[in-house]
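Structural features, examined
Spelled out, the chains give:
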Amino acid sequence: MDKSKIRNFSIIAHIDHGKSTLADRILELTKTVTKREMQEQLLDSMDIERERGITIKLNSVQLEYKAKDGQEYVFHLIDTPGHVDFSYEVSRSLAACEGAILVVDATQGVEAQTLANVYLAIDNNLEIIPVINKIDLASADVERVKEQIENIIGLDCSDAPLISAKTGLNIEDVLEAIVSKIPAPDDANDQAPLRALIFDSYYDKYLGVVMSIRVREGVIKVGDKLRLMASGAEYEVTEVGVKTPKIVKTGSLEAGEVGWIAASIKTIKDINVGDTITNAANPALEPLDGYKKMKPMVYCGIYPVDTNKYQDFKEALEKIELSDSSLVYEPETSQALGFGFRCGFLGLLHMEVIQERLEREYNLNLIATAPSVIYKVFLTNGEDIVIDNPAKLPDPQKILRIEEPFVNVKITTPEEYIGDLMNLCQTKMGVYKDLEYIDNQRRVLVYDMPLAEIIFDFFNKLKSISRGYASFEYELIGYKESKLVKMDILLNGDMVDAFSMIVNTKFAYNRGSQLTKKLKELIPRQNFEVPIQAAIGNKIVARETIKAYRKDVIWKLHAADISRKKKLFEKQKEGKKRMKEIGSVEVPQEAFIAVLKLD
Ligand code: GDP
Ligand code: MG
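The model shown is predicted, which means the values in this text are computed figures rather than measured ones. (Residues numbered from 1 in each chain as written. Chains lettered and ligands numbered in written order. Predicted model: local features only at pLDDT ≥ 70, side-chain atom pairs only at ≥ 80, totals over all residues. Heavy atoms only, no water.)

Brief notes about the nonpolar core
A general trend in soluble globular proteins is that nonpolar side chains are found buried together. Here is the rule we go by: Residues belong to one nonpolar core when they are buried, are Ala, Val, Leu, Ile, Met, Phe, Trp, Tyr or Cys, and are joined through side-chain atoms within 4.5 Å. With a 1.4 Å probe rolled over the protein chains alone, any residue whose accessible area is under 20% of its type maximum counts as buried; one over 50% counts as exposed, and the rest are partly exposed. The split of the chain into domains comes from an automatic or database domain assignment.
Membership of the largest hydrophobic core comes to 48 residues, with the highest contact counts inside it found for Tyr375, Val409, Ile411, Ile454 and Phe458. Here this core spans two domains, and each of domain 3 (298-369) and domain 4 (375-482) adds at least three residues to it. Counting 29 residues, the second largest nonpolar core, distinct from the first, contains Tyr303, Ala498, Ile523 and Val585.

Details of the sheet that holds strand β18 (residues 338-345)
Where strands meet in a sheet, backbone hydrogen bonds hold them as pairs that are either parallel or antiparallel. Convention followed: Following DSSP output, two strands are said to pair if at least two bridges run between them. Only DSSP runs of H or I covering at least 4 residues are called helices, and only runs of E covering at least 2 are called strands; the numbering of each starts at the N terminus. Here an angle of 0 to 180 degrees is reported between the N-to-C directions of two axes, which are lines fitted to C-alpha atoms, with helices fitted over the stretch in contact. Throughout, a residue-residue contact means that at least one pair of heavy atoms, one from each residue, lies within 4.5 Å.
Strand order in the open sheet formed by four strands is β17-β18-β16-β19, and the pairing between neighbours is antiparallel. Where the open sheet ends on each side, the last strands, each with one partner, are β17 (328-334) and β19 (366-368). Mean inter-strand twist for the sheet, computed between neighbouring axes without regard to direction, equals 30°. Here β17 pairs with β18 via seven bridges, running antiparallel. Within β18, the position partnered with Val328 by the bridge is Gly344. Relative to the sheet, helix α7 (residues 310-323) contacts β16 (298-304), β17, β18 and β19, its axis offset from that of β18 by approximately 15°. Along the sheet, helix α8 (residues 348-361) makes contact with β16, β18 and β19, crossing β19 at roughly 165°.

Details of the UniProt feature "binding site: GTP" (unreviewed entry) in the protein
To be explicit about the condition: UniProt positions are given in the numbering used here, feature names are shortened, and annotations may be inferred rather than shown by experiment.
UniProt's entry tags Asp16, His17, Gly18, Lys19, Ser20, Thr21, Asn133, Lys134, Ile135 and Asp136 with the feature "binding site: GTP" (unreviewed entry), counted in the numbering of this structure. According to the relative accessible area criterion, Ser20 is buried, its value standing at 9%. Here Ile135 is to be found in the loop between β5 (127-133) and α5 (142-153).

Topic: the site of ligand 1
To keep things clear, this is the line we draw: We define proximity as follows: a residue is near a molecule or strand when any one of its heavy atoms falls within 4 Å of that partner. Here a polar contact is recorded for every N or O atom pair within 3.5 Å, except that within protein the pair must consist of a potential hydrogen donor and a potential acceptor, and residues adjacent in sequence are included only if both atoms are side-chain atoms. Only the protein chains shown count as cover for residues, and all accessible areas are computed by the Shrake-Rupley method using a 1.4 Å probe.
The local shell around ligand 1 holds 16 residues, among which Asp16, Lys19, Ser20, Thr21 and Asp136 are the closest. Between His17 and ligand 1, the recorded distance is 3.4 Å, taken from a backbone N or O atom to an oxygen atom. Surface burial for ligand 1 is 83%, taken as the share of its 580 Å² of free accessible area covered by protein chains. The dominant element in the shell around ligand 1, judged by the number of residues it contributes, is helix α1 (residues 19-29), at three residues.

Right, dumping it as structure tokens:
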């Protein structure tokens with residue numbers, strides 16, 4: 001293959017700026033998919049992605065483009081997610097590319113994740129092509145956005161394509177810019193020992209583990225014996241190909257190319273995304289640079305509703321981990337919920353998505369506890385321990401001090417919301433750091449605050465205060481001491497470990513009373529009275545009571561009400577699936593994450 005004709009690139013953007021729509025137009029224009037095959041946002045293949053309109057998993061596709069210079073080019077387009085939780089996936093896909101298309105919404109301008117993604121692209125030495133999208137909208141302000149990109153990011157926008165991914169306007173300009181601006185991998189050497197980066201993987205029933213790879217040097221073909229440099233495992237390559245986006249078998253991949261390989265691998269733990277593949281017969285000496293491994297920030301316990309499903313759940317986690325190496329988990333047990341796993345996630349959305357995938361793709365019924373961060377606890381006996389589960393916090397008299405993770409939060413917002421957003425940050429224990437100017441309408445508000453406070457509904461509040469216009473990103477800055485206590489919840493007199501939370505003493509009473517109120521709403525009446533109490537140590541700080549339901553009510557229904565009653569029963573049966581019997585009380589799933597919805 002003529003390597004001067006290869007272009008490997010990603011599309012990066014703040015969420016909703018039109019990355020997936022642009023990818024669709026590119027596929028259409030290059031006739032990679034016919035109009036008939038075209039489903040909107042083709043690269044967003046996971047059900048959850050389509051429903052939520054977000055891109056979670058990266059996906060790569062090979063396409064052919066006949067440029068204005070009369071030459072045929074081969075593009076590898078790697079789609080990336082836009083949400084801050086998934087920046088790990090972004091850095092993975094960028095490591096496989098030479099260039100990135102930076103999509104900026106002409107009505108919104110540069111936002112928090114525009115910048116975060118640009119930094120990742122710069123880290124990977126990529127050529128960045130700014131593209132201004134949504135110019136079909138009346139509120140598009142192309143000049144202002146160009147200025148922002150030039151001032152804040154420092155990219156020249158004088159010949160940036162001005163497009164509408166929706167209507168298809170000027171998409172060709174983007175393709176031509178890819179040809180003329182993004183470097184070809186033409187220094188890639190086919191004769192060198194094989195070095196290929198694994199940037200994604202998933203499990204296929206027939207093929208075993210399928211790995212997405214970028215070949216940096218050498219050639220890989222069917223029949224080769226490959227070696228995974230980190231685990232040392234060796235396998236014979238059974239299939240090699242590309243995605244167009246259909247799976248196409250090519251038999252081999254050369255230096256500079258992006259594609260997939262399978263090797264009848266059933267041992268999932270041998271495969272690490274980020275690892276380098278080499279040829280066992282002629283191995284490379286050094287692996288490729290991996291990329292920055294992200295550390296989980298948020299932990300929660302996940303348990304199968306049906307305790308017999310523990311094994312299925314375990315296998316499902318192993319398979320999901322294969323395509324999402326940022327997920328971590330280890331077994332844990334809860335008095336209330338039985339056997340499950342404590343799972344670590346990059347953020348809240350990541351947590352929700354994994355739970356949803358586990359349930360849909362593996363047909364499981366799961367209960368998740370409220371998320372928690374990792375606390376460092378210094379004990380009076382000189383030991384220090386790390387706590388990822390509030391229920392495990394030792395008694396207060398054994399604790400010298402507790403430290404919690406703090407993050408530096410950058411909120412990008414139109415000027416008019418600054419006052420309200422500052423109030424929000426203040427109530428979240430934020431420490432004001434800075435107010436930066438982007439242009440005469442936009443500001444960046446900078447605060448340090450506990451990560452735990454970001455988890456507790458920060459995102460929704462920020463969006464509602466700013467009518468959706470503000471965005472934020474955060475970065476861990478380290479651990480700091482805080483005055484924290486454990487609050488327990490007692491249901492019918494029994495402590496429910498899955499409800500325990502660690503709170504700032506400043507919030508303890510307030511959150512205790514809000515949480516008991518919320519639980520009262522969420523837990524259905526039982527045929528006996530159920531007290532709900534919030535306790536710090538032995539001290540009860542709040543109490544509510546769920547009244548018993550009156551048995552006679554149901555018998556008083558008239559014939560006309562029968563169908564209504566039946567519907568009610570059906571509904572209850574639906575709800576039952578998500579109920580967990582704790583002691584003698586039935587508790588719905590919502591109750592375990594109620595704490596997230598407190599004010
Ligand atoms: P992503 O999150 O960056 O992948 O963004 P999407 O491609 O999912 O687009 C977000 C929303 O913006 C969708 O509702 C698109 O239909 C819409 N959109 C994308 N490009 C354009 C455009 O050029 N013009 C208009 N009017 N809407 C667009
Ligand atoms: Mg998308």
